[in-house]
Amino acid sequence: RNLTLIGATAIEDKLQNKVPETIEKLLEANIHVWMLTGDKQETAINIAKSCRLHKDNTHMIIINATSHEEARDEIRQHLENFRVNHLVGQSNNVTLVLDGKSLEYTLLPDLRKEFIDVCVSCKAVVCCRVSPSQKADMVKLVREHTKAISLAIGDGANDVAMIQKADVGVGISGNE
């Protein structure tokens, strides 16, 4: 009741010019775009929306598993939904969002294949709260299980391992 607000601050990390238009064009060209970030889930989802990686008419699957069993069950359930409808490997109107803990489980040997099958069945993938090594592991997973050529773009030291693991790596210098 007797609280006096002294001040408040906020930081806005704006997208660079033409990022939304560029991502939209990549998606229109049926290029899978995956965002791997250390940001919190809510922030990552908001960025995905603002850069047009995820649109309002797109279904969103969110996986926040707290155990290997939970991750396995969720991945298998979503994969089965794609299989039943003969949609595995197609660019479906779906965005997959998962956190670093879930990614830790899904990258284990017994789930890797099923996980990548779910990923490549989505128009976009957003991995949040991931470490630099997990970013590199995701690129490695794509290279191992698909015939796709991987491009990794990063703007900080935490992206170096990912950039080095990709077929094509791009480091952007900017304000970081």
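Structure first, text after, so check above.
Residues numbered from 1 in each chain as written. Predicted model: local features only at pLDDT ≥ 70, side-chain atom pairs only at ≥ 80, totals over all residues. Heavy atoms only, no water.

J.: Residue-level account of the overall build of the protein, with values.
T.: A tally of regular secondary structure across the protein gives seven helices and six strands. From first element to last, N terminus to C terminus, the protein shows the α and β order α-β-α-β-α-β-α-α-β-α-β-α-β. Its C-alpha atoms give the protein a radius of gyration of 17 Å, within 12% of the compact-globule value 16 Å for 176 residues. In terms of overall dimensions, the protein has a C-alpha envelope of 55 × 40 × 30 Å along the principal axes. Within the protein, the fraction of its 176 residues that count as buried is 39%. Within the protein, residue pairs in contact and separated by at least 24 positions form 70% of the contacts whose partners lie at least 6 positions apart. When the accessible surface of the protein is summed, it comes to about 10,800 Å², and 50% of that surface belongs to carbon and sulfur atoms. Positive and negative side-chain charges in the protein, numbering 21 and 24 respectively, have mean positions lying 2 Å apart. (Helix = DSSP H or I, 4+ residues; strand = E, 2+ residues; numbered from the N terminus. Rg over C-alpha atoms; globule rule 2.2 N^0.38 Å. Buried < 20%, exposed > 50% of the residue type's maximum accessible area, 1.4 Å probe, protein only. Contact = heavy atoms within 4.5 Å. Areas by Shrake-Rupley, 256 points an atom, 1.4 Å probe, with all protein chains shown as cover. Lys, Arg positive; Asp, Glu negative; His and termini not counted. Charge placed at Lys NZ, Arg CZ, Asp CG, Glu CD.)

J.: Kindly report on the nonpolar core, identifying the contributing residues and their values.
T.: Among the nonpolar cores identified, the biggest contains 31 residues, and Ile-63, Leu-96, Leu-98, Leu-103, Phe-115, Cys-127 and Met-138 are the most heavily contacted of them. Those elements that provide at least two residues to this core are β2 (59-63), α3 (68-84), β3 (92-99), α4 (100-106), α5 (112-119), β4 (122-128) and α6 (132-145). Discounting chain neighbours no more than four positions away, the residues touching Leu-96 are Ile-61, Ile-63, Phe-115, Val-118, Cys-119, Cys-122, Ala-124, Val-125 and Val-126. (Core = buried A, V, L, I, M, F, W, Y, C linked by side-chain atoms within 4.5 Å.)

J.: Hey, could you go over the side chain of Ser-121 for me, with residue numbers and the actual values?
T.: Relative to the assigned elements, Ser-121 resides in the loop between α5 and β4. Residue classification places Ser-121 among the buried residues on the basis of a relative accessible area of 0%.

J.: If you had to explain a negative patch on the surface to someone new, which residues and values would you point to?
T.: Together, Glu-12, Asp-13, Asp-39 and Asp-155 make up a region of like negative charge exposed at the surface. Within the secondary structure layout, Asp-155 lies in the loop between β5 (151-154) and α7 (160-165). Of the residues examined, Asp-155 reaches a relative accessible area of 38% and is grouped as partly exposed. (Patch = residues over 30% accessible without salt bridge, like charges linked within 9 Å, V, L, I, M, F, W, Y side chains within 5 Å. Salt bridge = Lys/Arg side-chain N within 4 Å of Asp/Glu carboxyl O.)

J.: Explain the packing of α3 against α5 to me, and be specific about the residues and the numbers.
T.: α5 packs onto α3 with a crossing angle of 50° between their chain directions and a minimal axis gap of 9 Å. Taken as axis vectors, α3 and α5 run oblique relative to one another. Here α3 and α5 pass one another in a crossing that is left-handed. For the pair α3 and α5, the contacting residues are Ile-75, Arg-76, His-78, Leu-79, Phe-82 and Arg-83 in the first and Glu-114, Phe-115, Asp-117 and Val-118 in the second. Tallied by class, residues from the contact of α3 with α5 come to five nonpolar, one polar and four charged. (Axes fitted to C-alpha atoms, helices over the stretch in contact; angles between N-to-C directions. Parallel < 35°, antiparallel > 145°, perpendicular 65-115°, else oblique. Left-handed = near helix turned anticlockwise from the far one by under 90°. Nonpolar A, V, L, I, M, F, W, Y, C, P; charged D, E, K, R; others polar.)

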